[in-house]
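# Topology and contacts: notes
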Amino acid sequence: DAGITQSPRHKVTETGTPVTLRCHQTENHRYMYWYRQDPGHGLRLIHYSYGVKDTDKGEVSDGYSVSRSKTEDFLLTLESATSSQTSVYFCAIKGRLAVGYTFGSGTRLTVV
Amino acid sequence: TQLLEQSPQFLSIQEGENLTVYCNSSSVFSSLQWYRQEPGEGPVLLVTVVTGGEVKKLKRLTFQFGDARKDSSLHITAAQPGDTGLYLCAGDLGSRLTFGEGTQLTVNP
């Protein structure tokens, strides 16, 4: 495997609480991404990082923040979870063109 | 609004039939990637097409990139139950990928 792990795999949290999801890579790739996947929407980009402390917003960034203090770790924080953030979250790393993006196994988050 | 329009969204066919999935956009991409996703897992790359007009074959799967690099298609010949899954096209915008909505394919034995 490409060496990308997400934690936790499943989480149930209450509305209004902060939540942090973790993505860890062992590949030393510069680019890391957080996507969310919902029925009928494919994968939508939340935030991405192009280096330590270098991040940028994606198309659905409202209500989310990210941090990257080390090359191997990319954290996604839901500052105050809402039911609309119930989703499956995927982390990805960008490899060479022939390799494409490698995705983690996902975190299923339920906000109740 | 999705930058990439993928169709059909759902497809249920019998084993042995052929099918085509389309991915269309008004934007030009430097490359287009196709992924397949199984339940409970992340998407896995099938192929990357880079050159306008390019055709790539992967066993029974044929991928085509439009001449203007705005659209792509995936054709499966003689589909098998093992082809069941979610197929996603993704356009390369340089620093990130943008995905279509996906096509959920079910091949019945």
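Attention here is on the structure that accompanies the text. This is a predicted model, so every value here is computed, not measured.

### Brief notes about the state of the cysteines
Residue and element names in this part refer to chain A.
- One pass over the full model with this rule turns up 2 disulfides over all chains.
- Two residues, Cys23 and Cys91, share a disulfide whose sulfurs are 1.9 Å apart. In this structure, the disulfide formed by Cys23 and Cys91 twists by about -75 degrees around the S-S bond and is classed as left-handed. Taken together, the residues Cys23 in strand β3 (residues 19–25) and Cys91 in strand β9 (residues 87–94) connect sequence positions 68 residues apart.

### Some remarks on the packing of aromatic side chains
Residues and elements named next belong to chain A.
- All chains considered together, the criterion is met by 12 aromatic pairs over all chains.
- Seen in terms of ring centroids, Tyr33 and Tyr48 are 5.7 Å apart; in terms of plane orientation they differ by 20 degrees. Their pairing is stacked. Placement of the pair is Tyr33 in strand β4 (residues 32–38) and Tyr48 in strand β5 (residues 42–51), with a sequence separation of 15 residues.
- On the accessibility criterion, Tyr33 (0% relative accessible area) is buried.
- The class of Tyr48 is buried, set by a relative accessible area of 6%.

Criteria and thresholds
- Residues numbered from 1 in each chain as written.
- Chains lettered and ligands numbered in written order.
- Predicted model: local features only at pLDDT ≥ 70, side-chain atom pairs only at ≥ 80, totals over all residues.
- Heavy atoms only, no water.
- Disulfide = S-S within 2.5 Å.
- Helix = DSSP H or I, 4+ residues; strand = E, 2+ residues; numbered from the N terminus.
- Phe/Tyr/Trp six-rings, centres within 6.5 Å; stacked < 30°, edge-to-face > 60°.
- Buried < 20%, exposed > 50% of the residue type's maximum accessible area, 1.4 Å probe, protein only.

Shape is all these values report; function is a separate question.
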